[in-house]
Amino acid sequence: MGVERGKWFRDARFGMFIHWGLYSILGRGEWVMYLEHIPVEEYAKLAERFRPVRFDPDEWVSYAKEAGMRYMILTSRHHDGFSLFDSKVSHFTAPKSAAGRDLVAEFIDACHRAGMRVGLYYSLLDWRWPAYWKGPKKDPEGWSKFLEYVHTQVEEICSNYGRLDVLWYDGAWPYTAEDWRSSELNAKVRKLQPDILINNRSGLPEDFDTPEQHIRASPSGRLWEACMTMTEYFWGYCKGDPWRSTRRLIQYLVTCASGDGNLLLNVGPKADGSFPAMAVRRLKEIGSWMKANGESIYGSERCPFSSAVGPLTAKGNKVYLHVFRWPGREVCVSGVSNDVKEAYLLASGDYVRVSKKGDRVFLRGLPSRPPDPYDTVIAIELDGPPVGVPYKVEG
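Every value quoted in this text rests on a predicted model; they were computed, and no experiment measured them.

Colleague: How would you summarise the overall build of the chain if you had to cite specific residues and measurements?
Modeller: On a plain count of helices and strands, the chain comes out with 12 helices and 16 strands. Taking 395 residues into account, the globule formula puts the C-alpha radius of gyration at 21 Å, and the chain, at 23 Å, falls close to it. Overall size of the chain, expressed as C-alpha extent along the three principal axes, is 70 × 40 × 40 Å. By residue count, 57% of the 395 residues in the chain fall in the buried class. Counting contacts in the chain only where the partners sit at least 6 residues apart, residues at least 24 apart contribute 69% of the total. When the accessible area of the chain is evaluated, it comes to approximately 16,700 Å², of which 51% is carbon and sulfur surface. Taken as two groups, the 52 positive and 50 negative side-chain charges of the chain have centres that lie 4 Å from each other.

Colleague: Please set out the nonpolar core residue by residue, giving values where relevant.
Modeller: The biggest cluster of nonpolar side chains holds 95 residues, and the ones touching the most others in it are Met72 and Trp180. In terms of residue count, helix α8 (residues 140-159) provides more of this core than any other element does, 8 residues in total. Each residue touching Met72, except ones within four places of it in the same chain, is listed here: Met16, Ile18, Trp60, Val61, Ala64, Phe107, Cys111, Met116, Arg117, Val118 and Gly119. Ranked by size, the runner-up nonpolar core spans 21 residues in total, among them Val309, Leu321, Val336 and Leu363.

Colleague: Give a detailed account of the packing of helix α5 (residues 57-67) against helix α6 (residues 103-114), specifying residues and quantitative values.
Modeller: Contact pair α5 / α6: the axes reach a minimum separation of 8 Å and the direction vectors enclose 50°. Considering the angle they form, α5 stands oblique to α6. Between α5 and α6 the crossing geometry is right-handed. Residue-level inspection shows Pro57, Asp58, Trp60, Val61 and Lys65 of α5 in contact with α6, the latter providing Glu106, Phe107, Ala110, Cys111, Arg113 and Ala114. Taken together, the residues that form the contact of α5 with α6 break down as 7 nonpolar, no polar and 4 charged.

Colleague: Quick rundown of the side chain of Thr210? Include the residues and the values.
Modeller: The residue Thr210 is located in the loop between β6 (208-209) and β7 (223-229) in this model. Look at Thr210 and you get buried, because its relative accessible area is 7%. A polar contact is formed between the side chain of Thr210 and the side chain of Asn200, at a distance of 2.7 Å. Beyond its immediate sequence surroundings of up to four residues, Thr210 is in contact with Trp168, Asn199, Asn200, Arg201, Glu225 and Cys227.

Colleague: Give me α6: which residues, what numbers.
Modeller: With 12 residues, α6 should cover 16 Å at 1.5 Å per step; its first-to-last C-alpha distance of 17 Å lies within 8% of that length. Regarding α6, the residues found buried are Leu103, Val104, Ala105, Phe107, Ile108, Ala110 and Cys111. Among the residues of α6, the N-terminal cap falls to Asp102, whose side-chain oxygen and the backbone nitrogen of Val104 are separated by 3.3 Å. Remark: Gly115 follows α6 within two positions and exhibits a positive phi of approximately 70°.

Colleague: Describe in detail empty space enclosed by the protein, supporting the description with residues and values.
Modeller: Counted by the stated rule, this structure contains 1 cavity of 30 Å³ or more. In terms of residue count, strand β2 (residues 71-77) provides more of the lining of the largest cavity than any other element does, 3 residues in total. Residue composition of the lining of the largest cavity, grouped by class: 5 nonpolar, 4 polar and 2 charged.

Colleague: Got a sec to walk through the packing of aromatic side chains? Specific residues and values, please.
Modeller: Taken as a whole, this structure holds 34 aromatic pairs when the rule is applied. On the numbers, 5.6 Å between centres and 80° between planes, the contact of Trp8 with Tyr71 is edge-to-face. Of the two residues, Trp8 is situated in helix α1 (residues 3-12) and Tyr71 in strand β2; the sequence distance between them amounts to 63 residues. The class of Tyr71 is buried, set by a relative accessible area of 0%.

Colleague: Explain the packing of helix α11 (residues 246-258) against helix α12 (residues 277-293) residue by residue, including any values.
Modeller: Two elements in contact, α11 and α12, have axes separated by 10 Å at closest approach and are oriented at 50°. In this view, α11 runs oblique relative to α12, as classed from their interaxial angle. In the packing of α11 onto α12, the handedness of the crossing is right-handed. For the pair α11 and α12, contact is made by Thr246, Leu249, Ile250, Leu253 and Val254 and by Arg282, Glu285, Ile286, Trp289 and Met290, respectively. Looking at the contact of α11 with α12 residue by residue, the class counts come to 7 nonpolar, 1 polar and 2 charged.

Colleague: Please give an account of the pattern of salt bridges that cites residues and values.
Modeller: Within this structure, the stated rule accounts for 28 salt bridges. Note that Arg54 and Asp272 form a salt bridge whose closest N and O atoms lie 3.7 Å from each other. Here Asp272 lies in the loop between β8 (262-267) and α12 and Arg54 lies in the loop between α4 (40-44) and α5, a separation of 218 residues in the sequence. Overlapping salt bridges bring together Arg5, Arg190, Glu206 and Asp207 as one network.

Colleague: Could you give me a rundown of the sheet that holds β7, with the residues and numbers involved?
Modeller: Strand-to-strand pairing in sheets goes through backbone hydrogen bonds, with the strands running parallel or antiparallel. Spatial ordering of the open sheet is given by β5-β4-β3-β2-β1-β8-β7-β6, a layout of 8 strands whose pairing is parallel. The two strands at the open ends of the sheet, each matched to only one other strand, are β5 (197-198) and β6. Here β2 runs beside strand β3 (residues 117-123); their pairing, made up of 6 bridges, is parallel. Of the residues in β3, the one forming a bridge with Ile73 is Gly119. Helix-sheet contacts for α11 involve β1 (14-18), β7 and β8, and the interaxial angle to β8 is about 150°.

How each quantity is defined
- Residues numbered from 1 in each chain as written.
- Predicted model: local features only at pLDDT ≥ 70, side-chain atom pairs only at ≥ 80, totals over all residues.
- Heavy atoms only, no water.
- Helix = DSSP H or I, 4+ residues; strand = E, 2+ residues; numbered from the N terminus.
- Rg over C-alpha atoms; globule rule 2.2 N^0.38 Å.
- Buried < 20%, exposed > 50% of the residue type's maximum accessible area, 1.4 Å probe, protein only.
- Contact = heavy atoms within 4.5 Å.
- Areas by Shrake-Rupley, 256 points an atom, 1.4 Å probe, with all protein chains shown as cover.
- Lys, Arg positive; Asp, Glu negative; His and termini not counted.
- Charge placed at Lys NZ, Arg CZ, Asp CG, Glu CD.
- Core = buried A, V, L, I, M, F, W, Y, C linked by side-chain atoms within 4.5 Å.
- Axes fitted to C-alpha atoms, helices over the stretch in contact; angles between N-to-C directions.
- Parallel < 35°, antiparallel > 145°, perpendicular 65-115°, else oblique.
- Left-handed = near helix turned anticlockwise from the far one by under 90°.
- Nonpolar A, V, L, I, M, F, W, Y, C, P; charged D, E, K, R; others polar.
- Polar contact = N/O pair within 3.5 Å; in protein donor to acceptor, adjacent residues only side chain to side chain.
- Expected span 1.5 Å × (residues − 1).
- 1 Å grid on protein atoms, 1.4 Å probe; cavity = no way out; pocket = protein on both sides within 12 Å on 5 of 7 lines; lining within 4 Å.
- Points joined across faces, edges and corners; volume = space filled by probe spheres on them.
- Phe/Tyr/Trp six-rings, centres within 6.5 Å; stacked < 30°, edge-to-face > 60°.
- Salt bridge = Lys/Arg side-chain N within 4 Å of Asp/Glu carboxyl O.
- Pairing = 2+ DSSP bridges.

The following block contains the structure:
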């Protein structure tokens with residue numbers, strides 16, 4: 001992958017994931033069909049109850065922008081097989097049921113109008129197909145028909161909606177890339193969308209890695225993105241699922257950025273298309289923090305320094321210390337080969353006293369209590385790009 005093609009993704013650092021579909025009606029998470037053993041015929045009846053009268057994609061985009069997010073990914077079809085887009089190979093779609101609308105088209109149009117980078121999630125598996133359960137070895141003929149359906153739908157979402165920036169696969173398990181004919185499929189995708197980024201969930205590594213519900217940095221130079229939920233367990237709307245705190249979500253974002261990665265933070269809209277009030281509240285709170293501290297996130301890179309109080313990010317001649325654990329009046333940053341010009345609180349601009357002893361930089365005269373309830377950022381200006389010093393015991 002050319003560096004330039006992935007540059008926007010690396011600079012963005014923060015995106016919105018949206019899991020929305022028939023499962024939102026039941027409000028028990030996106031895996032409800034599987035977990036509750038709901039028969040295909042019974043589940044299909046939900047399509048006649050899916051009337052998203054409050055779906056306003058422009059509002060969705062405005063929430064993402066206010067939070068400081070730079071791209072959005074929507075589930076075009078999840079494991080239950082219900083497509084939010086029009087499809088010539090399926091009648092189990094939003095336009096052909098009670099919704100009566102191509103929800104993917106409306107979402108992508110809204111993103112394009114707002115200059116928001118946009119992508120689509122697509123599940124390779126579909127619980128409604130017996131061939132998926134039997135697999136290519138036990139049912140080669142059925143699998144071939146199933147693959148034709150999958151490949152056609154991927155071609156449809158890459159052909160019918162203008163520019164797509166990301167294709168976000170899921171559900172390849174337990175089969176191989178060869179079983180899914182992923183090389184052939186992704187070649188078609190790249191022909192239709194030459195600049196698209198493809199994740200690593202079709203059985204092939206492709207452009208970027210996607211650790212789920214945990215943060216694990218990829219090797220230097222490789223794009224990665226941790227996808228995380230706002231609630232504890234489910235991606236789709238789930239009543240009673242405990243909400244993670246704004247502080248925790250901001251720390252997820254910072255931890256990703258400190259490892260040269262992105263955070264894709266999920267929202268599960270209600271069946272009517274509205275965002276839960278708690279999601280809106282957290283997005284606004286994150287956005288307020290980003291307005292003051294986004295400089296330390298967007299376009300940031302790994303920093304070779306370390307501190308006991310929290311992670312660091314770097315950009316150019318600056319490093320940013322994210323103080324998750326407020327120590328009081330003094331902080332130490334170690335492994336610093338550079339000379340330090342100055343340091344200040346990023347949000348307020350208030351200067352901090354600096355002294356250096358060997359590879360350790362001491363920041364003194366800090367407030368006794370953290371100025372920011374989520375993450376106070378201290379900007380440190382250096383004499384050049386950060387150069388680290390490894391820890392060693394002399395003797």
